[in-house]
Amino acid sequence: MQAKKRYFLIFVVAFLTIWNFGGYQLRHKPTTPFDIEQLSSYVNLDSINTGYTIGKDRHLLQTDARVHCRMETCFDFSKCEKDFKVYVYPQEESNVPSPSYQKLLNILLESRYYTSDPKEACLFVLSIDTLDRDKLSNDYVKSMQTKIQRLPYWNEGMNHIIFNLYSGTWPNYTENNLDFDYGKAILAKASMSEDHIRPGFDISIPLFHKIHPEKGGDPGSNSANSYPLEKTYLLAFKGKRYVHGIGSDTRNSLYHLHNQKDIIMVTTCRHGKSWKEMKDERCDEDNKEYDRYDYETLLQNSTFCLVPRGRRLGSFRFLEALQAGCIPVLLSNGWSLPFSDVIDWNKAVVWADERLLLQVPHTIRSIKPSKILQLRQQTQVLWDRYFSSIEKIVYTTLEIIRDKLPKKQKRDGLIWNSFPGALVTLPTFSDSMQDFPFHVESYKNGFTAVIYCQLGITFSTTSALFKLVSYLGKSKYVLKILIVWSNEKRPPNRSRWPNLPIHIPLHIIESGSGIDSKSSISQRFYPHKEITTDAVLSLDEDTVLTTEEIDFAFIVWKQFPDRIVGYPGRSHYWDDSKSTWGYTSKWTNDYSIVLTGAAFYHRYYNYLYTEWLSPLLHKTVEQSQNCEDILMNFLVSHVTRRPPIKVTQRKQYKEQPSAGSWSPWNDPDHFIQRQTCLNTFAAVFGYMPLLRSNLRLDPVLFKDSVSYKRKKYRKIESVGS
Amino acid sequence: MTVSPKLPEVKLSLEQSGAAPRDTKCTHWDCFDIYRCGRTGHERIAVYVYPLRKYIDENGNPLVQSISREFYVILRTIVNSKYYTTNPKEACIFIPSIDILNEERIWANFTSRALSQLPFWSGGQNHLLFNLVAGRAPNYLPVVQLDVGNAMLAGADFDSHTFRYNYDIALPLYSPVAKLGQVQNTNFRRKWKVMSSQLNIDPYYLDALQTLRTAYPNQMLLLDACHPHLYANRCDIIDVFRGERRGQFVLLEAMAANCIPVIVMDGRVMPFEHVIDWNRVAIFIMESHVSSLMDVLKDISDKRINQMRESLKFLYEKYFSSLDKIVLTTLDVIQDRVYPHRAKTYDEWNLLPKEINTNPLFYPSTAVRSVGFTAVILTYDRIQSLFTLIERLAKVPSLMKIVVVWNNQIKNPPPLSEFPKISKPINVIKTKANKLSNRFYPYREIETEAILHIDDDIVMLTSDEIEFGFEVWREFPDRIVGFPSRTHVFDNVTNSWKYESEWLNEISMVLTGAAFLHKYWSHLYSTALPENIRQLVDQNMNCEDIAMNFLVANITNKPPIKVTPRKKFKCPECTNTEMLSADKGHLESRSHCVDEFSKIFGRMPLKSVEFRADPVLFKDPFPEKLKRFNNIGSL
């Protein structure tokens, strides 16, 4: 009541004020026609916010859950408090899913998200194939409703994800008709529209082909960044048109744009059984023109590719264009693009409007070459990070959901939309971009040396380990030395280690103590809490490295903090005769691996190695007690898509074992094992992530015939190979 | 107290029909008439503002609320903006001059009739209405209860059920007092970590907050009615709960005071959330999780808090700090929607300038070998040396083409028939003026990404060296990769930057007398080099190579890469030389360039490194014929 009275007063005052000021021709009078100060405010600060009735509103949210689902109302967060795990219902023999859905399930079962215990699960995935819900389709699963009702944890669909590529059927292709009630389940669905997607709840995924690879996936085919881009065609489209029915208008009009020169728009009505009965007067002419062009050629030789809606909003063409680096021009009004919650498509596509079809050529001709360069590169970034395999599509879907959970750090759009992308930037590691090796330009701190002692070589003042620690102690940049002691012997007493400057602490971590239950080899790259610097220098106990080499490698690493920078270069190659990958430690003109027996890398990779890699990979390393260094190279190359960096000449980085004594390095089985690892890793990653480099980095005056006094790194020259 | 005669009057009565009810299904694709846009000839929305009218009944009594101060500001902002048009025929967006900012101040019946009387109303199509306070007691519906047909609403109270995504626009609730609490400096820690200052918190949450305060008495401040609106310098983080409405003054007030808002409001639609990434500047907690507030905040690192506050300040100042900015942002959002191919990207909307990756070659990949490179030779009249160079270059496997840039304005180049016969094409381009910048012109004849810029007298580089240089460039296609390196040093005596050609342990420039560059840089040099630098280069016939190093470093923030030991180029018998001449004057003028350029760029973009690139088996005791690059010269 008080408030109302006050309002009334304000009203009166306001009126009186306004009547006094007449001028209102806003622009034409330079002086303010109204005296602003005399006008009343639109709101009375003291009275507007009183009262706290939210109960009714709450109630409103509960009605018609299916349409109104939001994370707050249709998701049980208490299931996700501990960990982010996914349960997959056991497959029944009578229900054989389509190959695509089978791949999707395989991915989940092998992934680090998977749990076999429904009590641990945050999310639930059906083993019944829901990808194709078009009744006319072969993969359509009948009596879905009954099957759903039988699921033991269904609970109206809470915390379930339904993956779907096709919904509705001829003639209307109704978008939200999956032919069963998905209730409160999250839809991860292709061709979603802004109308039907439940904001912040459902996830739009791309339509992918039956042959879309399960893992790995081909890289984008835009291998050159020519500038300005000069392709044969500016804009291309080759595809079906429907003559009648939903979605046919747009494609039926495309021929208006076709100019046979730089804009190629060819359609055909020759599809389906009865096309001849349905055909219109343009069909014959269109078909002729259609046959003149090859789809793949257009894709590779056009700057822009038109992606018009079909019967449904999304089409295969979208991913095909993305991969080809052919900038998609979207003609699909209302389509909610894949993962648009997190991906900024303005950086990679051009939106057109079906209503303004004829303006499309003008619009794309107005796009500057520098913008084209950006758009094209971004198509490749997005393709490579989120779309090139079913695994990436599924992981992206899960990570988007993970970002919505309470108490979890969220990745921002900068991480999602730039290289190396959100799937390898784990928010659980840190909430600050500065702690990751990406997007950072300079490092001020020194490094932590981590020496992995697996062999238990007898320790004395002449042993390699002793010398290594002494050399480390002389480095300008070392801040801490960590000994990861992982063999049966006891580590040497404190007093027996070399004297180190007071500011360099030496920690010994004994495997089995502390974090343990983990096998010893996984200790090597464990993100030990003692490692507080970004830079880690990884060493073996028998590594031979001088202080100068250590310091030089470190200053190089600071320029390439996302890569492995070190000494022992190795190569992989494709062995055609055996059809396998080969591994070699011979001297070669290039390398693709830098072993972690003497290399710098960012500590974030320890975290990724331990927390992110597939359990299958860890198992391979643990069973062989070998190959962890190769795996680290796979990981880093996969994340960065760059080769490692070798510095200066040194190749021999181990103390030569005395004649007759055993060392894993001269054991032929050891070598064969590494070759096997290489092939297993490539299989699990789904591709070969290693990349070759043809260069090494030396000090600027390395081995130049100038006075030694001029050189900052002198001793490094006497090290040799 | 006379009624102003100047305000034209419009008579309304209940017999007239009002506007149609709000269409809850509207989307940009079906309710917005796109054909009304684009009649101006430029790709910018044209916004028309209806003239003010006074709406009265039969007896002359006013029926529609007169305008408020804020609404006046909104109209003024639009009229002064680049989007404004006086011509309704070319307008794409229409703004009724009827104040409905506050639902409690309007008479819905008459206001709706007033709207429908507008001359271009046509069902509300393309009309934009600002409504900051929606709902009335006791229901407080999140959308204004007014028949507005197909008009778009810009409002502050939407929830995710009433908001028409990609049609309506979510605004912050404008607080006339937010500015009072605005702070400039964000770099200090506040006394309180968390504060709650709202007076209208639901008792349920208030209980939860009070429990938390008891648990964390030193970190949490709960303000009550006695201490309203005093944020500045008091908190790092502030809670934003909803009251009966979702629009809350405290959001803008918190932002002004650079307190990170904690949003506890289910189903909210954040202001401009379609373009602004609130995850960068706010923390979200679900209403049912209020009691976990301190647990969530505890896990946020100090680094993160500082970054969030920095972004918060940036976003606040850019989009929220005044009603003008809020209104202009609203129009910008519509602009992006109507002309999506010109829409701003995430980065442009959200990132601080220092966070934006300006590197135009950002996709990390090794360039393809098979495409090869084009050698561009700038020449004047040293024919003999030019021909020798051409013959040598012809032996480099990855060379695709040679482009000779003929800078001599008096003499014509020799006919192609006199050029050495090589298996690769040669193009000769006659320039129109003898300018050094001609070497960086992005000639159409250059069809490869990679360009080897080479002086006509650099004839000592071996085929292996050049091919290896190309290999290195392939791995670093966004950098300058080449042979002659230089450094910059700061001279404490003269207090200026100096050019250094001594052989030092570091390098920060690679001269373009023999260097690989991406063609993009030639384009950039020709179109985006600061004008005063271009003049300096052309007048002095010097420093174009230094300018290129500055240009690339300024954009990429990366140092160049020096390849192989080679250091002597033009004059093998001298021990240590500057390229054109060793005279002091030359060095001085180059030092002058370095210093001048750093002033023009406003910083020293060059970065020094202590390494160079060599072939993997360089100087290794290994059979030379097995080395891919064995003919690597010294010095």
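On a predicted model such as this, the values are computed, not experimentally measured, just so you know.

K.L.:
I'd like a rundown of the overall build of chain B, residues and numbers included.
P.N.:
Along its length, chain B carries 14 helices and 24 strands. Whereas a compact globule of 635 residues would reach a radius of gyration of roughly 26 Å, chain B reaches 34 Å, over 25% beyond that. A principal-axis box enclosing the C-alpha atoms of chain B has dimensions of 100 × 65 × 50 Å. Counting every position in chain B, which comprises 635 residues, the buried fraction comes to 64%. For chain B, the accessible surface area stands at approximately 23,800 Å², while carbon and sulfur atoms represent 51% of it. Both charge centroids of chain B, one from 75 positive and one from 72 negative side chains, sit 2 Å from each other.

K.L.:
Got a sec to walk through unusual backbone geometry? Specific residues and values, please.
P.N.:
Residues and elements named next belong to chain A. At the junction of W170 and P171, the peptide bond is cis and its omega measures out at 5° in the coordinates. Mapped onto the elements, P171 comes out in the loop between strand 4 (160–164) and strand 5 (186–189). In this structure, P420 follows F419 across a cis peptide bond, with omega equal to 5°. Here P420 lies in the loop between helix 15 (413–417) and strand 12 (447–453). Notably, N155 is not glycine yet its phi reads approximately 50°, a positive angle. You can see N155 is positioned in the loop between helix 6 (144–150) and strand 4. According to the relative accessible area criterion, N155 is partly exposed, its value standing at 48%.

K.L.:
Outline the UniProt feature "domain: Exostosin GT47" (unreviewed entry) in chain A, listing residues and values.
P.N.:
Listed under "domain: Exostosin GT47" (unreviewed entry) in the UniProt record, and renumbered for this structure, are residues 81–366 of chain A. Counted over residues 81–366 of chain A, helix gives 20% and strand 16%. Its end C-alpha atoms are 50 Å apart.

K.L.:
For the interface of chain B and chain A, give the residues involved together with the corresponding values.
P.N.:
Counting residues at the interface gives 139 residues for chain B, matched by 123 residues for chain A. For the chain B and chain A pair, buried surface summed over both sides reaches about 12,100 Å², with 57% attributable to carbon and sulfur atoms. Of all residues in chain B, the largest losses of buried area upon contact with chain A belong to W29(B), Y363(B) and V616(B), amounting jointly to 7% of the total for that side. Along the contact surface separating chain B from chain A lie 9 salt bridges. R710(A) serves as the salt-bridge partner of E502(B), at 3.0 Å between the closest nitrogen and oxygen. Where chain B meets chain A, there are 60 residue pairs in polar contact (both at pLDDT 80 or more).

K.L.:
I'd like a description of a positive patch on the surface, backed by residues and values.
P.N.:
Where like charges cluster on the molecular surface, the positive patch consists of K474(A), K709(A), R714(A) and K715(A). Along the polypeptide, K709(A) turns up in the loop between strand 22 (695–699) and helix 23 (716–719).

K.L.:
Got a sec to walk through the sheet that holds strand 20 (residues 496–500) of chain B? Specific residues and values, please.
P.N.:
Residue and element names in this part refer to chain B. Pairing within the open sheet is antiparallel, and its 3 strands lie in the order 20-19-21. Strands with a single pairing partner mark the edges of an open sheet, and in this sheet they are strand 20 and strand 21 (509–510). In terms of strand pairing, strand 19 (residues 485–491) meets strand 20 through 5 bridges, oriented antiparallel. Its bridge partner being in strand 20, H488 is matched across the sheet by Y499. Across the sheet, helix 14 (residues 584–601) lies against strand 19, strand 20 and strand 21, angled at about 135° from strand 20, the strand it touches most.

K.L.:
Would you mind going over the packing of aromatic side chains in detail, with residue names and values included?
P.N.:
Tallied over the entire structure, the rule returns 65 aromatic pairs over all chains. Ring centres 5.5 Å apart and planes at 75° place the aromatic pair Y87(A) and Y89(A) in the edge-to-face group. Judged by its relative accessible area of 8%, Y87(A) falls in the buried class. Given a relative accessible area of 4%, Y89(A) falls into the buried group. Plain terms: the ring middles of F470(B) and W473(B) are 6.1 Å apart, the flat faces sit at 10° to each other, and that makes the pair stacked. Of this pair, F470(B) and W473(B) both sit in helix 10 (residues 463–475), separated by 3 residues, roughly a single helical turn. Accessibility classification places F470(B) together with W473(B) in one group, the buried group. Grouped by ring-pair contacts, the aromatic residues F429(A), F436(A), F438(A), Y604(A), Y605(A) and Y607(A) constitute a single cluster.

Parameters and conventions
- Residues numbered from 1 in each chain as written.
- Chains lettered and ligands numbered in written order.
- Predicted model: local features only at pLDDT ≥ 70, side-chain atom pairs only at ≥ 80, totals over all residues.
- Heavy atoms only, no water.
- Helix = DSSP H or I, 4+ residues; strand = E, 2+ residues; numbered from the N terminus.
- Rg over C-alpha atoms; globule rule 2.2 N^0.38 Å.
- Buried < 20%, exposed > 50% of the residue type's maximum accessible area, 1.4 Å probe, protein only.
- Areas by Shrake-Rupley, 256 points an atom, 1.4 Å probe, with all protein chains shown as cover.
- Lys, Arg positive; Asp, Glu negative; His and termini not counted.
- Charge placed at Lys NZ, Arg CZ, Asp CG, Glu CD.
- UniProt positions renumbered as here; feature names shortened; annotations may be inferred.
- Contact = heavy atoms within 4.5 Å.
- Buried area = accessible area lost by both parts, 1.4 Å probe.
- Salt bridge = Lys/Arg side-chain N within 4 Å of Asp/Glu carboxyl O.
- Polar contact = N/O pair within 3.5 Å; in protein donor to acceptor, adjacent residues only side chain to side chain.
- Patch = residues over 30% accessible without salt bridge, like charges linked within 9 Å, V, L, I, M, F, W, Y side chains within 5 Å.
- Pairing = 2+ DSSP bridges.
- Axes fitted to C-alpha atoms, helices over the stretch in contact; angles between N-to-C directions.
- Phe/Tyr/Trp six-rings, centres within 6.5 Å; stacked < 30°, edge-to-face > 60°.

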